[in-house]
Amino acid sequence: NKVKQLITGVPHLYMVETVDREKIADALDKAITEVDREGRGPLKVLVQVNTSGEENKSGVDPDGLVNLVKHVRENCPNLQFSGLMTIGSVESSKSADSEHDQPDFRKLVECRKTVCKELKIEEAELELSMGMSSDYLIAVSYIIVFSVSNNIIKIELGSTNVRVGSTIFGSR
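Bear in mind the structure is a predicted one, so any value in this text is a computation, not a measurement. (Residues numbered from 1 in each chain as written. Predicted model: local features only at pLDDT ≥ 70, side-chain atom pairs only at ≥ 80, totals over all residues. Heavy atoms only, no water.)

Details of the pattern of salt bridges
For the coordinates displayed, the defined rule picks out four salt bridges. We note a salt bridge from Glu-54 to Lys-57, for which the minimum N-O separation is 2.7 Å. (Salt bridge = Lys/Arg side-chain N within 4 Å of Asp/Glu carboxyl O.)

Quick look at the structure:
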């Protein structure tokens, strides 16, 4: 019911970041068939992953991630799987030793690698949505640096999408 209200109430909806089970994907896919998207193509979706393992957080368990992504790609023609999203643990962000040590964000990067390997998708094709007002700097600066034959190579694996609503609009 909420999905249908979302799809009909926001006619120019660009993306939904909180797909964490087949039931939601199926409901979105069905609701989209009932509205005119004016040639805009499939709705982009991110699969939400519970990288912190917190019971109070939504998101698919990393062990079920590949199957959920397969379901969206194979059974939901009105949806376009576009990447992964997580809401990291507040405690992990506060206790990170450095700006590159947030375990929930590292876990999402690992999840992207797994999905890409299993489903033969280029990593660059998938967005990573991680980081909110309190930890977005950690999320966007997540970088791995290493040396190959005395050449330094820097790979940015950070967030391509952050949610900073409370910084803009204030706390709820």
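Considering unusual backbone geometry
Non-glycine residue Lys-120 carries a positive phi angle of around 55 degrees. On the secondary structure map, Lys-120 appears in the loop between helix 5 (103–119) and strand 4 (127–132). (Helix = DSSP H or I, 4+ residues; strand = E, 2+ residues; numbered from the N terminus.)

Focus: the nonpolar core
By size, the foremost hydrophobic cluster in this structure holds 34 residues, and its most contacted members are Leu-28, Leu-65, Leu-79, Phe-81, Leu-84 and Val-115. Elements with a minimum of two residues in this core: helix 1 (2–9), strand 1 (15–19), helix 2 (22–33), strand 2 (43–48), helix 3 (65–75), strand 3 (79–85), helix 5 and strand 4. In terms of residues, this core owes the most to one element, helix 5, which gives seven residues. Other than its neighbours up to four places away in sequence, Val-115 contacts Leu-65, Val-66, Val-69, Phe-81, Lys-120, Ile-121 and Leu-126. (Core = buried A, V, L, I, M, F, W, Y, C linked by side-chain atoms within 4.5 Å. Buried < 20%, exposed > 50% of the residue type's maximum accessible area, 1.4 Å probe, protein only. Contact = heavy atoms within 4.5 Å.)

What to know about the side chain of Asp-29
Locating Asp-29 in the fold gives a position in helix 2. For Asp-29, the side chain forms a polar contact with the main-chain nitrogen of Asn-78, separated by 2.8 Å. (Polar contact = N/O pair within 3.5 Å; in protein donor to acceptor, adjacent residues only side chain to side chain.)

Overview of the pairing of strand 1
In terms of burial, strand 1 is largely enclosed, as four of its five residues are buried. In this structure, strand 1 lies alongside strand 2, joined through three bridges in parallel fashion. Of the residues in strand 2, the one forming a bridge with Val-19 is Val-47. (Pairing = 2+ DSSP bridges.)

Digging into the layout of surface pockets
Empty space within the largest pocket amounts to approximately 260 Å³. Residue lining of the largest pocket: Lys-2, Val-3, Leu-6, Val-16, Thr-18, Asp-20, Ile-24, Leu-28, Gln-48, Lys-57, Ser-58 and Ile-87, and that is the complete set. Mapped onto the lining of the largest pocket, the elements with two or more residues apiece are helix 1, strand 1 and helix 2. The element contributing the most residues to the lining of the largest pocket is helix 1, with three residues. When its residues are assigned to classes, the lining of the largest pocket shows six nonpolar, three polar and three charged. (1 Å grid on protein atoms, 1.4 Å probe; cavity = no way out; pocket = protein on both sides within 12 Å on 5 of 7 lines; lining within 4 Å. Points joined across faces, edges and corners; volume = space filled by probe spheres on them. Nonpolar A, V, L, I, M, F, W, Y, C, P; charged D, E, K, R; others polar.)

Just geometry here; none of it tells us what the structure is for.
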